[in-house]
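Observations on the three-dimensional arrangement
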Protein chains: 2
Amino acid sequence: MTSLRRATAQAPANIAFIKYWGNRDHRWNLPQNASLSMNLDGLYAETTVTWADDQPSDTLVLNGESASQEALARVSTHLDILRSRLNIRSRAEVISKNNFPMGAGIASSAAAFAALTVAGTAAAGVELSERELTTIARIGSGSASRSIPTGYVEWHLGEAHENSFAESIAPPEHWALIDVIAVVSQAHKRVGSKAGHRSADTSDLQAARVAGAASRLAVCRRAVLERDFATFAKVVEHDSNLMHAVMMTSDPPLFYWLPPTLAIMESVRNWREDGLHVCYTLDAGANVHCLCEQSSADAVRSALQTIDGVVDVRMASAGQGARLISG
Amino acid sequence: MTSLRRATAQAPANIAFIKYWGNRDHRWNLPQNASLSMNLDGLYAETTVTWADDQPSDTLVLNGESASQEALARVSTHLDILRSRLNIRSRAEVISKNNFPMGAGIASSAAAFAALTVAGTAAAGVELSERELTTIARIGSGSASRSIPTGYVEWHLGEAHENSFAESIAPPEHWALIDVIAVVSQAHKRVGSKAGHRSADTSDLQAARVAGAASRLAVCRRAVLERDFATFAKVVEHDSNLMHAVMMTSDPPLFYWLPPTLAIMESVRNWREDGLHVCYTLDAGANVHCLCEQSSADAVRSALQTIDGVVDVRMASAGQGARLISG
């Protein structure tokens, strides 16, 4: 007799204000510093997990196509974590899709592993605390921990697996920030974040970046809670610059910026001097996330569209965390 | 009765392989780390100093025009150093010109203060050792110390004014390196190097950059002496990336790169992978210095000319140091 247990979850991408870059433990994705982010409304992964007793191995369909062996292996490793925690032995059929380009500076793996964790747990009929779900998602992809709680989310450093968890510091409606994303390249980046995290310690500058991260996070958390855009803008750009400084000085160096990236960053600084409430941040990719207060978002969008090399502009408000769609 | 003592000197620009960025003493330009450079043949300042007893104040003509008060003040401060050392009280008439664009990533102040020091000393009829001349030039502009000795030049950290001097580690003919300079902007940069040096300590990353500088310099010195291009390329690009990482994370951040700068850097890395002997380095400006072995220089020049945003390409071999033209 075959039992079939299925659930579907959606989880948002998120954009970090204070960046995660580098692990102190790669197997468990225990980070070198705590981080802070905002979920992106409308940019999500939707994942259906079916635990199927009669299936000989895990399967993965990604955006409508049978996934690469590499992608399947990474998902299967995460399913092993779930099987162990949920005490089940079945293989899983996983069907996942993103509604945004993968691997290009919008955190697709964060959304994917958050959705996989929430759907896989629900499909097994087990209820876990949000806090524990964030720690499990973290093992699949560090920043996935931040795609589970709602709105503005802090991922704590923690001393060990159990307390390196994420939690909401404010709901989306606390502050109507908009992420106006200038897409400069749809190409898949050459070095994925997972490999990048392993290279962080090859930079002479990583230790200095990490040493200041807790105080930058405290400044940023307070700026979010007080809706203090000027302070927010300064610390967010600085933290992004620090991460890319580490990347560019790693061995081998990682240059994620493309020529239009640089032009956009300069424009954003100028627009802010001219009075718009906008600042930039970049993940491990060439796209520029222009974080705005709502009053400035349309002007920023229009201005971005005039910059050479900007192929698309997407807007996302602060959004909810992961949620179960069915199951 | 009027006495008129005049001398003219030429001094080359230089390009640093291991960068000078940040002082431990700003008044004396005592650097935070030692540096290493190559003089650029054919890119020079030519300066005539006339000590004139009957002149009420110093005067400066720069590239055929009466200079700004700001430029005159900086030159006059350096003339005070010379007057004090040379034991003269006359004011000076200074006429200087560069044969390359100023303030755009080719070290114009290095050439200018080296030439001013050599001409001013000769015009006073005093003979000083090359070593002492480099320490005096250093007070005017740190990297000017490196534009006096010939060829490949190391500027020592030193403990005090007297021993923070520069000396040649190899003559130009030791290694036929060519600097193929991609000029991407003739515009004067917004933050001069002098102000930039003062901002270095506002970056969280400066201490880490400085901490590794002596070992990078040792690697680079050996690579120059052994004409080991692969080692040279890696350490030179890394050191440049480190300096720009510090600049971009200073308060306020200094972004010297323009969009074509980034495109050129990426191209250079690709060309080297394809077998050309080329690497890049950037000073405090947007132009990219593509350091090549002679066999690769023409190919690099041609390739640079096809990159969008490159407005000019100049080539300079390893060159001699400062020399007296007349006087």
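Everything below is about the structure shown above.
Residues numbered from 1 in each chain as written. Chains lettered and ligands numbered in written order. Predicted model: local features only at pLDDT ≥ 70, side-chain atom pairs only at ≥ 80, totals over all residues. Heavy atoms only, no water.

Turning to the pattern of salt bridges, a few remarks are in order. Residue and element names in this part refer to chain B. In this structure the tally under the stated criterion is 20 salt bridges over all chains. For Arg-5, the salt bridge is made with Asp-53, and the minimal N-O distance between the two is 3.6 Å. Taken together, the positions of Arg-5 in strand β1 (residues 4-18) and Asp-53 in the loop between β4 (35-52) and β5 (59-62) put the pair 48 residues apart, joining distant regions of the chain. In this structure Arg-5 comes out as partly exposed when scored by relative accessible area, which is 25%. (Salt bridge = Lys/Arg side-chain N within 4 Å of Asp/Glu carboxyl O. Helix = DSSP H or I, 4+ residues; strand = E, 2+ residues; numbered from the N terminus. Buried < 20%, exposed > 50% of the residue type's maximum accessible area, 1.4 Å probe, protein only.)

What follows deals with the pairing of strand β5 (residues 59-62) of chain A. Residues and elements named next belong to chain A. Summarising the sheet, β5 and strand β7 (residues 91-98) pair through 4 bridges and their orientation is parallel. Residue pairing in the sheet places Val-61 in a bridge with Ile-95 of β7. Direction of pairing for β5 relative to strand β6 (residues 65-66): antiparallel, over a ladder of 2 bridges. Pairing of Leu-62 across the sheet is with Glu-65, part of β6. (Pairing = 2+ DSSP bridges.)

This part takes up the sheet that holds strand β11 (residues 278-281) of chain A. All names here are of chain A. Ordered in space as β11-β12-β10-β13, the 4 strands form an open sheet in which the pairing is antiparallel. Each edge of the open sheet is held by one strand with a lone partner, namely β11 and β13 (312-317). Along the sheet, successive strands turn relative to each other by an average axial angle of 25°, direction set aside. Where strand β10 (residues 177-183) and β13 come together, 6 bridges link them in antiparallel fashion. Note on β13: the bridge partner recorded for Asp-179 is Ala-316. Together, β10, β11 and β12 (288-293) form the strand contacts of helix α8 (residues 259-273), whose direction differs from that of β11 by roughly 155°. (Axes fitted to C-alpha atoms, helices over the stretch in contact; angles between N-to-C directions. Contact = heavy atoms within 4.5 Å.)

With that settled, consider the side chain of A:Asp179. Residue and element names in this part refer to chain A. Assignment of secondary structure puts Asp-179 in strand β10. Look at Asp-179: it is buried, it has no salt bridge, and the nearest opposite charge is Lys-19 at 8.6 Å. Among the polar contacts made by the side chain of Asp-179, one reaches the side chain of His-289 at a distance of 2.6 Å. Not counting the four nearest positions on each side in its chain, Asp-179 is found in contact with Ile-15, Met-38, Leu-40, His-289, Cys-290, Leu-291, Arg-314, Met-315 and Ala-316. (Lys, Arg positive; Asp, Glu negative; His and termini not counted. Polar contact = N/O pair within 3.5 Å; in protein donor to acceptor, adjacent residues only side chain to side chain.)

With that settled, the discussion passes to the side chain of B:Lys19. Residues and elements named next belong to chain B. With respect to the helices and strands, Lys-19 occurs in the loop between β1 and β2 (23-25). For Lys-19, a relative accessible area of 1% gives the class buried. Of the polar contacts made by the side chain of Lys-19, one reaches the backbone oxygen of Ala-16; its length is 2.9 Å. Polar contacts involving the side chain of Lys-19 include one to the side chain of Thr-281, which spans 2.8 Å.

All right, on to the packing of aromatic side chains then. Applying the stated criterion to the full structure yields 15 aromatic pairs over all chains. Both rings, one in A:Trp175 and one in A:Phe229, keep their centres 6.3 Å apart while their planes meet at 75°; by these two values the pair is edge-to-face. You can see A:Trp175 sitting in the loop between β9 (166-170) and β10 and its partner A:Phe229 sitting in helix α7 (residues 229-248), a full 54 residues away along the chain. The cationic tip of A:Arg131 hangs over the ring face of A:Phe165; the distance from NZ or CZ to the ring centre is 3.8 Å. Its guanidinium or amino end placed over the ring of B:Phe255, A:Arg269 lies 4.0 Å from that ring's centre, counting from NZ or CZ. (Phe/Tyr/Trp six-rings, centres within 6.5 Å; stacked < 30°, edge-to-face > 60°. Lys NZ or Arg CZ within 6 Å of the ring centre and 35° of its normal.)

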